[in-house]
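The chain contents come next:
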Amino acid sequence: MAGRLSHSASVLLGPGDDAAVLAAPDRRVVVTTDLLLEGRHFRRDWSSGYEIGRKAAAQNLSDIVAMGATPTGLFVGLGMPADTPIAWLDELTDGFRDECGLVGTSVAGGDIASSPMIVLGVTALGDLGGIAPITRSGARPGDQVAVAGRLGYAAAGLALLSGGVAVDSFEELLRAHRRPEPPYAEGPRAAALGATAMMDVSDGLVQDLGHIAKASGTGIVLEPDSFHVPALLGAAAAYLGVDPLDWILTGGEDHALAAVFPPEVRLPPEWRIVGEVVPGQNVQVKGRAEAPGGWDHFRG
């Protein structure tokens, strides 16, 4: 496995010793971790080992950039059945390697153990480069709420797969579920623009903005008309007989970024203003009596 991995400049000592050594220029380390369970977070009959590796890396790297930091290393704990094909493990490793390569980092170590099913424990580290971390608690009334990256694509792909739909015309949506494409560069960019709060959209836009609202002691109002529904998303929604806006508001596995900026900040086109921070609490969607929910980690 280690022989298939590359090593970035931030990894001073990689796999092969009792522990790895990473550079920490800022003298502070940003850390995040996720647990992925087969059958709960991914299915091998839906996704290849390569896609699972990329997805597992992406959701952790996205958390790092959501703090305004730059990823510096990834660690992977892997539990798997003894009869897991070596070719599948090689694909998984390649997926981790290639996703890390997008942000200039690498897998710096990990561990493998026998398990009745595939279990992935992934930890990512990052460096703030001298800036303050962008937390969830800095939103203030009057700030603008914006998003970068795709919304609803992965949720649509999951709905199609769950319904047994594998139509070629929807391949982009199926691929979005299997392998998200977080807007990595936009995390540090948002920090440079003066973002006051930010987070990775992993459990649904409304639900995750709710965390910002709660931490900041504010409310957030979203404007439904600000969300563009791409033709492909609209076609899939019509095919399944659902409202595509529900995917956009509640689907999280695209790992878009949601951030709050002072009203005077002029945002680049990669960021779309979708709402405003207001006095009060919770998240409201104009025209809807009750804001939709998102992913429940104990129910699904």
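Scroll up a little and you will see the structure.
What you see is a predicted model, and the numbers here were worked out from it, not measured in a lab.

Comments concerning the pattern of salt bridges
At step 1: Considering all chains together, one arrives at 12 salt bridges under this definition.
At step 2: For Arg44, the salt bridge goes to Glu38, with nearest N and O atoms at 2.8 Å.
At step 3: The class of Arg44 is partly exposed, set by a relative accessible area of 32%.
At step 4: Between Lys55 and Glu253 there is a salt bridge, with the nearest N and O atoms lying 3.4 Å from each other.

Quick look at the pairing of strand β5 (residues 107-114)
If a strand is regular, its side chains alternate between the two faces of the sheet.
At step 1: Sheet analysis places strand β4 (residues 70-80) next to β5, joined by 7 bridges and oriented parallel. Pairing of Gly79 across the sheet is with Ala113, part of β5.
At step 2: Taking the sense of rotation as the criterion, the β-α-β connection linking β4, helix α2 (residues 86-101) and β5 turns out right-handed.

Remarks on unusual backbone geometry
At step 1: Not every positive phi belongs to a glycine, and His255 is a case in point at roughly 55 degrees.
At step 2: You can see His255 is positioned in the loop between α8 (244-250) and β10 (256-261).
At step 3: We classify His255 as buried; its relative accessible area is 3%.
At step 4: Residues other than glycine seldom take positive phi values, yet Asn282 does so here, at roughly 70 degrees.
At step 5: Relative to the helices and strands, Asn282 resides in strand β12 (residues 282-285).

Focus: the nonpolar core
At step 1: Within the largest apolar cluster, 41 residues are counted, with the highest numbers of intra-cluster contacts made by Leu74, Leu92, Phe96, Leu120, Phe261 and Trp271.
At step 2: Sorting the residues of this core by element identifies β3 (30-37), α1 (49-65), β4, α2, β6 (119-127), β7 (144-148), α5 (186-193) and β10 as the ones contributing at least two each.
At step 3: Here the element with the most residues in this core is α1; it accounts for 7 residues.
At step 4: Setting aside anything within four residues of it in sequence, one finds Leu120 in contact with Asp34, Leu35, Leu36, Phe42, Ile52, Ala56, Val76, Gly77, Leu78, Leu92 and Phe96.
At step 5: Core analysis: the next-biggest nonpolar cluster, separate from the first, contains 40 residues, Leu160, Met199, Ile212 and Trp247 among them.

Observations concerning the sheet that holds β3
At step 1: If you trace the 4 strands from one edge of the open sheet to the other, you get β3-β6-β4-β5, paired in mixed fashion. Strands at the two margins of the open sheet, each flanked by one partner only, are β3 and β5. Adjacent strand axes in the sheet meet at a mean angle of 15 degrees when their direction is disregarded.
At step 2: In this sheet, β6 lies alongside β3 in antiparallel orientation, the contact comprising 8 bridges. Bridging from a neighbouring strand, Leu35 pairs with Gly121 of β6.
At step 3: Seen against the sheet, α1 touches β3, β4 and β6 and runs at an angle of roughly 150 degrees to β3.
At step 4: Most of the contacts of α2 go to β4, to which it runs at about 165 degrees, and overall it touches β4, β5 and β6.

With respect to helix α4 (residues 171-178)
For the α-helix, the turn length of 3.6 residues means that residues three or four positions removed from each other point alike.
At step 1: Those residues of α4 lying buried are Leu173, Leu174, Ala176, His177 and Arg178.
At step 2: Those residues of α4 that are buried lie in contact with α1, α3 (153-162) and α7 (231-240).

So, the pairing of β4
At step 1: Counting buried residues along β4, 8 of its 11 residues qualify, which places the element largely inside the surrounding structure.
At step 2: Sheet topology places β4 next to β6; 9 bridges connect them, and they run antiparallel. Looking across to β6, one finds that Leu74 is bridged to Ala124.

A closer look at the packing of α1 against α2
At step 1: Closest axis-to-axis distance for the α1/α2 pair is 6 Å, and the angle between their directions is 35 degrees. You can see that α1 and α2 cross each other, and the crossing is right-handed. Contacts between α1 and α2 involve Gly49, Tyr50, Ile52, Gly53, Arg54, Ala56, Ala57, Ala58 and Leu61 from the former and Trp88, Glu91, Leu92, Asp94, Gly95, Phe96, Asp98, Glu99 and Cys100 from the latter.
At step 2: Of the residues that constitute the contact of α1 with α2, the class distribution is 10 nonpolar, 3 polar and 5 charged.

Some points on the environment of Glu172
At step 1: Following the sequence through the fold, Glu172 ends up in helix α4.
At step 2: A residue is classified by how much of its surface remains accessible, and Glu172, at 33% relative accessible area, is partly exposed.
At step 3: Note: C-alpha distance between Glu172 and Ala156 (16 residues apart in sequence) is 10.0 Å.
At step 4: Beyond its immediate sequence surroundings of up to four residues, Glu172 is in contact with Arg150, Tyr153 and Leu232.

Conventions we followed
- Residues numbered from 1 in each chain as written.
- Predicted model: local features only at pLDDT ≥ 70, side-chain atom pairs only at ≥ 80, totals over all residues.
- Heavy atoms only, no water.
- Salt bridge = Lys/Arg side-chain N within 4 Å of Asp/Glu carboxyl O.
- Buried < 20%, exposed > 50% of the residue type's maximum accessible area, 1.4 Å probe, protein only.
- Pairing = 2+ DSSP bridges.
- Helix = DSSP H or I, 4+ residues; strand = E, 2+ residues; numbered from the N terminus.
- Right-handed = clockwise from strand over helix to strand, strands pointing away.
- Core = buried A, V, L, I, M, F, W, Y, C linked by side-chain atoms within 4.5 Å.
- Contact = heavy atoms within 4.5 Å.
- Axes fitted to C-alpha atoms, helices over the stretch in contact; angles between N-to-C directions.
- Left-handed = near helix turned anticlockwise from the far one by under 90°.
- Nonpolar A, V, L, I, M, F, W, Y, C, P; charged D, E, K, R; others polar.

Keep in mind that these numbers describe shape and distance, not what the molecule does.
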